[in-house]
Structures are given as C-alpha cells and as structure tokens.
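Given next are the chains, with one letter for each unit.
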Amino acid sequence: MQAPLQQLEHPLLQQHNITLWVKREDLLHPHISGNKWRKLKYNLQEAQANGHKTILTFGGAYSNHIAATAAAGAEFGFKTIGIIRGEEHLPLNPTLQFATEQGMELHYISRELYRRKNEPDFIAELAEKYNQPYVVPEGGTNLLAVKGCTEIVEDIPIKYDVICCASGTGGTIAGIIAGLAGQKQVLGFPALKGGDLLEDEIEQLVYSYSGQHYQNWQLITDYHFGGYAKMKPELLQFIHDFKTNHSIPLEPVYTGKLFYGLFDLIAKGYFAEGTRIVAIHTGGLQGNAGFKERLGIEV
Ligand SMILES: *Cc1c(COP(=O)(O)O)cnc(C)c1O
C-alpha cells in the first residue's frame, strides 16, 4: 500500500518560493480510494472482530464512500448494504452500477428519512431490519475513521510546514490534526457551504478521539464554488490544466476545489516564502464517470 509524494513544478511556486508535494492517496487502492480506505480500515477490523458478516452504510447516489465500501466488502468478504438518499433511477449511474457489481445491496430512502441517518432510533430500526449489520455512518466518519486518518501523517517521510486537504464530513482532517498532535499547520478546504458548523464537528471529533484541543488548524471556506457538487467553468478548466501540467487527475467535488483554492492562496501571497506544503489527494476519481454521464463533462 503506497501513497507516494509527488513534487509539483509550477512558475507560481517558483515565484513565491513555495515547495508543494501531492500525497497521492488516490493511488492507495484502485477502488477503495484515498481517504475512504483510511477511514474504512479500522471499521472493517472492528466489524470482523465482532463477528459481523454485513456492513451497512449511507450515501448519495454518486458517493465515493458507497463505492469504496462496496469494493471493500467484496475484497474482505462482507456483505454490504447501501442506504441511498433519494429515489432509484434506472439505468443505475456508474457509481451505483459499480457498487451493485461489487455485490452491494441498494435500498433507497426519501430525503426526509435520510436526514435521520445519525439518529440512534433510526439506526436501531435499520439494524433490526437488516439483521444486525455493522453500521458505518455517512462518508465513513466515526472515531475509527479518525484513527485510520492519523496514519496519513505517519506516512509523510519528509520535512514540511503545512498539510492541506479537502473536507466533507471532516473525518479526514480530524485524523490529520490528531495525528500531528499540535505540530505544523493544517488547512481544510470544505467542499460544502457552512464551514462554521463543520468546524465544530471537526473540533468534536478531534477531542473525542484524542482528548485534546488543538489550535494549529483552520478551515478555508472561500472555495466551495456554491456548495457540494456545484461547479463552475473555471473549476473545470483548472482541473483540466492541472492534469495537463502535472499528470494528476482531480475531480470537481473535493480535490479540484482544494487545489484551485491552494493555488489561489499561493498567488495571493498567503504563505510565507519558503513554506513547504503537503496537499493530500484524497482520491474520489470514480465520481468523474458520473459527471460525464450526467452532464457530458469530460473531467
Ligand atoms: C469523502 C471525500 C472527502 C471528504 O472527506 P471527509 O473525511 O468527509 O472530510 C475528500 N475528498 C474526497 C476525494 C472524498 O471522496
């Protein structure tokens, strides 16, 4: 399992004397990609240790976590159940088609019901209905996911000053913050609007996991491009250019926004000269097939 560090070259980096590496977590596994592998790892161990044969989890119709969980179930011998937000649309989109091919059983619930996904009563109902599976929350985020994500920082054998990552539920950045234990700086780039709420959730995850409050992190909330899975032509252009310049594919939901934002901050002189940055490529490239299918956009 390897997530190599790839150093980027770009006139902007030279101009501002910034060193930037991309940690290619997208290369960890062909289907259980990036942070979803980190987040599932200890959950799978826990499920196995407690004798669960089935894993149940939640997600939207294009969810990277649904795809990753389905693949992980197939690889490690669990039956998987995906509780999908919204109505069934046939033919299945590429994400759900893939999940089904990996053996995941899909169940669709209304958006209203889906909002109850974290309520203990609702989870108990589902557990009863589906024969007491191991339940993983939406996006895979729980304390075992945080534990898995602490290992991202153990796997960076170079000197650096700042880690940057994209944030959805905040599990990944919580693991990075806990793993660094107050060292260096961490910047999170939320893919959704409403960064303030996310900040509280991250703080809570870090504290529950480590019993510590850390100050060395911050959310950069200016690059959500209108919200989750919203995108603009300049974002798509950036992703296209990034692939041309660095041979690194991105996607428009998370990593595209991260790198767009990071390059914008660098251009604005946000970082002191000499700053060494590691940006985490959290994967998620499976979602690009869905954009192509839905919008005819080649990402
Ligand atoms: C799920 C995902 C994220 C968000 O991770 P959180 O732990 O939910 O913050 C970031 N990037 C990619 C590519 C993802 O699939």
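What you see is a predicted model, and the numbers here were worked out from it, not measured in a lab.

Undergrad: Could you give me a rundown of the site of the ligand, with the residues and numbers involved?
TA: Surrounding the ligand, one finds 15 residues, the nearest of these being Lys36, Lys39, Thr169, Thr172 and Thr282. The side chain of threonine 169 places a nitrogen or oxygen atom 2.6 Å from an oxygen atom of the ligand. Protein chains bury 98% of the 380 Å² of accessible surface belonging to the ligand in isolation. Counting residues per element, the ones that place at least two in the shell around the ligand are helix 2 (35-49) and helix 8 (171-180). When residues in the shell around the ligand are grouped by element, the largest group, three residues, is from helix 2.

Undergrad: Go over helix 6 (residues 120-129), please, and point to the residues and values.
TA: Among the residues making up helix 6, those that are buried are Phe122, Leu126 and Ala127. One side of helix 6 holds all its buried residues, which, seen down the axis, span an arc of 140°. In helix 6, the exposed positions angled more than 90 degrees off the buried face are occupied by Pro120, Asp121 and Glu128. In the core, the buried residues of helix 6 are packed alongside strand 3 (54-59), strand 4 (79-85), strand 5 (105-109) and helix 5 (111-114). In the segment just after helix 6, asparagine 131 is the residue with positive phi, at about 65°.

Undergrad: Before we move on, can you summarise the nonpolar core with the specific residues and values?
TA: Phe189, Phe259, Leu262, Phe271 and Ile277 are the most contacted members of the largest nonpolar core, which has 33 residues in total. Residue assignment for this core shows that the elements contributing at least two residues are helix 1 (11-15), strand 2 (19-24), strand 7 (162-167), strand 8 (185-190), helix 10 (233-246), helix 11 (255-267) and strand 10 (276-281). A total of six residues in this core trace back to one element, the largest contributor, which is helix 11. Not counting residues within four places of it along the chain, the set of residues in contact with phenylalanine 259 comprises Val22, Phe238, Phe242, Leu250 and Ala279.

Undergrad: Describe the sheet that holds strand 4, listing the residues and the values that go with them.
TA: Neighbouring strands of a sheet are bound in pairs by backbone hydrogen bonds; such pairs are parallel or else antiparallel. Pairing in this open sheet of four strands is parallel, and the strands run 5-4-3-6 from one edge to the other. Looking at which strands have only one partner, the edges of the open sheet turn out to be strand 5 and strand 6 (134-136). Geometrically, the sheet is characterised by an average inter-axis angle of 20° between neighbouring strands, direction not taken into account. Bridging between strand 4 and strand 5 involves five bridges; their strand directions are parallel. Counted as the bridge partner of glycine 82 is leucine 106 from strand 5. Sheet strands touched by helix 2: strand 3 and strand 6. Its angle to strand 6, the strand with the most contacts, is close to 165°.

Undergrad: An account of the side chain of asparagine 35 is needed here, citing residue identities and associated values.
TA: Assignment of secondary structure puts asparagine 35 in helix 2. Residue contacts for asparagine 35: discarding those within four places in its chain leaves Thr172 and Thr282.

Undergrad: Which residues make up the sheet that holds strand 10, and what are the values?
TA: Ordered in space as 1-2-10-7-8-9, the six strands form an open sheet in which the pairing is mixed. Both edges of this open sheet fall to strand 1 (5-7) and strand 9 (217-219), since each of them pairs with a single strand only. Sheet twist, expressed as the average angle between the axes of neighbouring strands with direction ignored, equals 25°. Taken together, the six bridges between strand 7 and strand 8 define a ladder with parallel strand orientation. Bridge pairing in strand 8 links valine 162 to glutamine 185. Where helix 11 meets the sheet, its contacts fall on strand 2, strand 7, strand 8 and strand 10, and the angle it forms with strand 10 comes to roughly 165°.

Scoring rules and cut-offs
- Residues numbered from 1 in each chain as written.
- Predicted model: local features only at pLDDT ≥ 70, side-chain atom pairs only at ≥ 80, totals over all residues.
- Heavy atoms only, no water.
- Near = heavy atom within 4 Å.
- Polar contact = N/O pair within 3.5 Å; in protein donor to acceptor, adjacent residues only side chain to side chain.
- Areas by Shrake-Rupley, 256 points an atom, 1.4 Å probe, with all protein chains shown as cover.
- Helix = DSSP H or I, 4+ residues; strand = E, 2+ residues; numbered from the N terminus.
- Buried < 20%, exposed > 50% of the residue type's maximum accessible area, 1.4 Å probe, protein only.
- Arc of directions from axis to C-beta.
- Contact = heavy atoms within 4.5 Å.
- Core = buried A, V, L, I, M, F, W, Y, C linked by side-chain atoms within 4.5 Å.
- Pairing = 2+ DSSP bridges.
- Axes fitted to C-alpha atoms, helices over the stretch in contact; angles between N-to-C directions.

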